[in-house]
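Residue-level listing of the chains:
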Amino acid sequence: MNGGYALELRSVRKHFPLRGLMARGRFVHAMDDIGFSLGAGESLALVGESGSGKTTTASVIARLYEHDSGSVVVDGEEIAAFRSRAEALRYRKKVQLIFQDPFGSLNPTHTIRQILERPILIHGLAKGKDELEARLREILEQVGLSPAGEYLRRFPHELSGGQRQRVNIARGFAVEPEIILADEPTSMLDVSIRMGVMNMMLDLKERRGVSYLYITHDLAGARYMCSRIAVMYAGMIMEIGPTDEVIQGAVHPYVRLLKAASPSPESGLARTRVAAKGEIPSLIDPPSGCRFHPRCPYATGGCSAAVPALRDIGGGHLVRCVLA
Ligand code: SF4
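Overview of the structure. (Residues numbered from 1 in each chain as written. Predicted model: local features only at pLDDT ≥ 70, side-chain atom pairs only at ≥ 80, totals over all residues. Heavy atoms only, no water.)

Moving on, we get to the sheet that holds strand 5 (residues 77–78). Here four strands make up an open sheet; going across it, the order is 2-1-4-5 and the pairing antiparallel. Looking at the sheet topology across the chains shown, the edges are occupied by strand 2 (27–39) and strand 5. Bridging between strand 1 (residues 5–17) and strand 2 involves nine bridges; their strand directions are antiparallel. Residue pairing in the sheet places Leu7 in a bridge with Leu38 of strand 2. Strands strand 1, strand 2 and strand 4 (69–74) of the sheet are contacted by helix 1 (residues 54–61), whose axis makes an angle of about 65° with strand 2. (Pairing = 2+ DSSP bridges. Helix = DSSP H or I, 4+ residues; strand = E, 2+ residues; numbered from the N terminus. Contact = heavy atoms within 4.5 Å. Axes fitted to C-alpha atoms, helices over the stretch in contact; angles between N-to-C directions.)

It is worth spelling out the site of the ligand at this point. The environment of the ligand is made up of His252, Pro253, Cys290, His293, Cys296, Tyr298, Ala299, Cys303, Pro308, Cys321, Val322 and Leu323. Using a 2 Å cut-off from the grid points, one finds that the ligand occupies the largest cavity. Partitioned by chemical class, the residues of the shell around the ligand number 10 nonpolar, two polar and no charged. (Near = heavy atom within 4 Å. 1 Å grid on protein atoms, 1.4 Å probe; cavity = no way out; pocket = protein on both sides within 12 Å on 5 of 7 lines; lining within 4 Å. Sits in = over half its atoms within 2 Å of the grid points. Nonpolar A, V, L, I, M, F, W, Y, C, P; charged D, E, K, R; others polar.)

Turning our attention to the pattern of salt bridges. For the coordinates displayed, the defined rule picks out 20 salt bridges. Between Asp33 and Arg320 there is a salt bridge, with the nearest N and O atoms lying 3.3 Å from each other. Within this pair, whereas Asp33 is found in strand 2, its partner Arg320 is found in the segment after strand 12 (318–319), the two being separated by 287 residues in sequence. Among the salt bridges present, the one from Arg135 reaches Glu176, with a minimum N-O distance of 2.6 Å. (Salt bridge = Lys/Arg side-chain N within 4 Å of Asp/Glu carboxyl O.)

A word on the packing of helix 3 (residues 112–122) against helix 6 (residues 161–173). The N-to-C vectors of helix 3 and helix 6 enclose an angle of 20°; their axes lie 8 Å apart at closest approach. The pairing of helix 3 with helix 6 is recorded here as roughly parallel in orientation. The handedness of the crossing between helix 3 and helix 6 comes out as right-handed. Counted together, Ile112, Ile115, Leu116 and Pro119 of helix 3 and Val167, Ala170 and Arg171 of helix 6 form the full contact between these two elements. Its residues assigned to classes, the contact of helix 3 with helix 6 shows six nonpolar, no polar and one charged. (Parallel < 35°, antiparallel > 145°, perpendicular 65-115°, else oblique. Left-handed = near helix turned anticlockwise from the far one by under 90°.)

Further remarks concern the layout of surface pockets. Taken as a whole, the second largest pocket spans an internal volume of roughly 630 Å³. Looking at the lining of the second largest pocket, the elements with two or more residues in it are helix 2 (85–94), strand 6 (95–98), helix 3 and helix 6. Take the lining of the second largest pocket: its biggest share by element is five residues, from helix 3. Looking at the lining of the second largest pocket, its residues break down into 12 nonpolar, eight polar and four charged. (Points joined across faces, edges and corners; volume = space filled by probe spheres on them.)

The next point concerns the packing of helix 6 against helix 7 (residues 191–208). Where helix 6 meets helix 7, the axes come as close as 11 Å, and the angle between the chain directions of the two elements is 15°. By the angle between their axes, helix 6 is roughly parallel relative to helix 7. The way helix 6 lies across helix 7 gives a crossing that is right-handed. Across from Gly162, Arg166, Ile169 and Phe173 in helix 6, the residues of helix 7 making contact are Ile193, Gly196, Val197, Met200, Met201, Leu204 and Arg208.

This is the structure in structure tokens:
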């Protein structure tokens, strides 16, 4: 373990080159100076609007993309150093990505049994038929699909959206991972069933002692699921810290704007009025200095000159703003 952390990112950058004649030398700045840690058994929400870089961050950690610079360390090992298939396989067992789309992420021609037993067999986690059967039934029961035998013989199209997402989550947990990267796991589900899936995920986390990196655009959902929150904007982290401090004591003008726009009185998020102009910027040629400066009502001349550092204002609460 790396200083007690299951996962640590240090100043990670990921830029994607634009394709096409006119695009030469231009990049999508998806991640810049991204740094955070995730303790064993801890849950951290990565919150941001579409285009903030949060899904790229999860994809880099899942090794779907290689980062350009900085380091991504899991259990003390830099993931870019893995070269062999065996190392990649060992990593895939340790870190599982749960996708947003419960409809597109399950093979429609496979039964739930086939979908769940494949990763268990690939990672050699069951000795013999009986142990495999016991594992399949246990994980299905734990995601709330009971009686398990009923579900194992069905195909994905015979399940509801919520049930499919439960299978998706079961597949992630089937290999006994240490870290779950959950990319908007409830955003495509009906509002009425989201809470059930979120509660099931919290229950599984307790039972299995995993760490969650929970990616969402929903501040209220992040608050419900996680003990810490990191808010991303235009490829950078703007504020990170314990959930209640970031939400109740939001310092960064963008986080205050996000909080003001949060549409849920039942979540306990009080609305505050924050004036901001414009839209989230393109990650191609993002604004200089503070990336929020074109929209920030408090911007001064210096805000566009240099990128503010992520400054610790106490208690593990960090803010990227000259006002902090
Ligand atoms: Fe606004 Fe300046 Fe703070 Fe950026 S650094 S959020 S522009 S006050």
